[in-house]
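Examination of the molecular architecture
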Amino acid sequence: MAQLYFRYGAMGCGKTMQLLQVAFNYEERGQKVCVIKPRTDTKNGTKLLTRIGPERETQFTFTRRDNIYKKIQKDYRDVDCILVDEAQFLTPAQVDQLMDVVVDFDIPVMCYGLRLNFRRQDGGFEGSTRLLQLAHKIEEIKTICDCGRKATLSCRFIDGKLATDGPDILIDDGKTKIVYRALCNHCYHRLKKEL
Ligand SMILES: [Zn+2]
């Protein structure tokens, strides 16, 4: 029986690398995968990019209005696995559609995404919230903070300063330097007090 997976972690924990590794393992066995991601910005286009180099073209990207179930039913019924990058940007309805894909077509769906948005807001990423509610298997991809503790937060820094407010998706205008770092709660609180 196929299952819906949610593999979550903080920024920079290597989610996309893991996804690419899983895709590679399937293809090495002669099986077909369908790699997809939400269309949130134009910077990365239709490719998955990793910080350490490997990249890959997606089968398709989707907007918040797209019905992923229908797209897979039409064009990708024959794949052995569906891999979703940046799954935090799914709508709750799209997570439900992916569950229907698992149940109706018996295709495993593996979603990779962030657990929490950078403001640590309750329900910050509705896609992640829905995945935490629905997925058969929920797995953490661990990473560590600069201090050595486990990092659970993805924090935004603008020109070197911790940002505690702003939109979830920030388009780089080239004027300010936007960096994301994985932090533990201790370091987050310390940096927040220093603001
Ligand atoms: Zn720390």
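Along each chain, numbering runs from 1 in the same order as the chain's sequence is written. Given that this is a predicted model, residues contribute local features only at a pLDDT of at least 70 and side-chain atom pairs are listed and counted only at 80 or more, while totals for whole chains, interfaces and linings are drawn from all residues. Heavy atoms throughout the structure, all of them, feed into the side-chain values; hydrogens and water do not.

Before going further, it helps to examine the domain arrangement of the chain. Accessible area lost during the coming together of the parts is what is often quoted as the interface size. Annotation comment: domain bounds sourced from an automatic or database domain assignment. Its domain assignment divides the chain into domain 1 (4–140) and domain 2 (153–193). For domain 1 versus domain 2, the distance between C-alpha centres works out to 24 Å. Note on contacts: a residue pair is in contact if any heavy atoms of the two residues lie within 4.5 Å. Taken together, the contact pairs 14 residues of domain 1 with 18 residues of domain 2. For any pair of parts, buried area is found by adding up, for both, the accessible area (1.4 Å probe) each one loses once the two are put together. Summing both sides of the interface, domain 1 and domain 2 together bury roughly 1,300 Å²; the carbon and sulfur share of this comes to 61%. Of all residues in domain 1, the largest losses of buried area upon contact with domain 2 belong to Met-11, Phe-118 and Arg-120, amounting jointly to 54% of the total for that side.

Time to look at the layout of surface pockets. What the second largest pocket holds in volume is close to 200 Å³. Only protein atoms enter the 1 Å grid used here, on which a cavity is any set of points holding a 1.4 Å probe that cannot leave and a pocket is any open set flanked by protein within 12 Å on both sides along at least five of seven lines; residues with an atom within 4 Å of a point are listed as lining. In terms of lining, the second largest pocket is formed by 15 residues, of which the most central are Thr-40, Arg-64, Phe-89, Leu-90 and Ile-169. Residue polarity is assigned by list, with Asp, Glu, Lys and Arg as charged and Ala, Val, Leu, Ile, Met, Phe, Trp, Tyr, Cys and Pro as nonpolar; anything else, Gly included, falls into the polar class. When its residues are assigned to classes, the lining of the second largest pocket shows six nonpolar, five polar and four charged. Grid points are joined across faces, edges and corners, and a volume is the space filled by probe spheres set on the points.

Atoms of type N, O and S within 2.8 Å of a metal are treated as its donors, and for Na, K and Ca the window is 3.2 Å; water is not considered, so some sites may appear to be missing partners. Protein ligation of the zinc ion involves Cys-145 (SG), Cys-147 (SG), Cys-184 (SG) and Cys-187 (SG), the donor distances falling in the range 2.3 to 2.4 Å. Labels for metal geometry use angle windows, namely 85 to 135 degrees for all angles of a four-donor tetrahedral site, and for square planar (four donors) or octahedral (six donors) sites opposite donors over 155 degrees apart plus all others within 65 to 115; sites meeting none of these are irregular. If you look at the zinc ion, its four donor atoms make angles of 105 to 114 degrees with each other, and the shape they trace is tetrahedral. Sequence spacing among the residues donating to the zinc ion works out to C-x1-C-x36-C-x2-C. Judged on exposure class, the residue Cys-184 and its partner Cys-187 are both buried. Summary of the burial criterion: residues with accessible area below 20% of their type's maximum are buried, those above 50% are exposed, and those between are partly exposed, where the area comes from a 1.4 Å probe applied to protein chains only.

A run of DSSP states H or I qualifies as a helix once it reaches four residues; a run of E qualifies as a strand once it reaches two. Both are numbered from the N-terminal end. A helix is expected to reach a length of 1.5 Å times the quantity of its residues less one. The end-to-end C-alpha distance of helix α1 (residues 15–28), which contains 14 residues, comes to 20 Å, matching closely the 20 Å that a straight helix rising 1.5 Å per residue would cover. Listed as buried for α1 are Lys-15, Thr-16, Leu-19, Leu-20, Val-22, Ala-23 and Tyr-26. Buried residues along α1 cover an arc of 160 degrees about the axis, so they all sit on one side. The secondary structure elements touched by the buried residues of α1 are β1 (4–8), β2 (33–38), β3 (47–49), β4 (55–57), β6 (81–84) and β7 (109–113). Of the residues one or two after α1, Gly-30 is the one with positive phi, at around 80 degrees. The arc under discussion is defined with respect to the helix axis, by the directions toward the C-beta atoms.

On to the sheet that holds β7, then. Strand pairing in a sheet relies on backbone hydrogen bonds, with the paired strands running either antiparallel or parallel. Spatially, six strands are ordered β5-β2-β6-β7-β1-β8 in an open sheet, and the strand pairing comes out parallel. Taken across any chain shown, the strands that pair with only one partner, and hence form the sheet edges, are β5 (60–62) and β8 (137–140). Between one strand axis and the next, the sheet turns through 20 degrees on average, direction left out of account. For two strands to be treated as a pair, DSSP must find at least two bridges joining them. Pairing geometry for β1 and β8, over four bridges, is parallel. Bridging from a neighbouring strand, Tyr-8 pairs with Glu-140 of β8. Most of the contacts of helix α2 (residues 68–75) go to β5, to which it runs at about 160 degrees, and overall it touches β2, β5 and β6. Axis definition: a line fitted to C-alpha atoms, limited for helices to the stretch in contact. Angles are taken between N-to-C directions and run from 0 to 180 degrees. On top of the sheet, helix α4 (residues 126–134) reaches β1, β7 and β8; it is set at about 125 degrees to β1, its chief contact.

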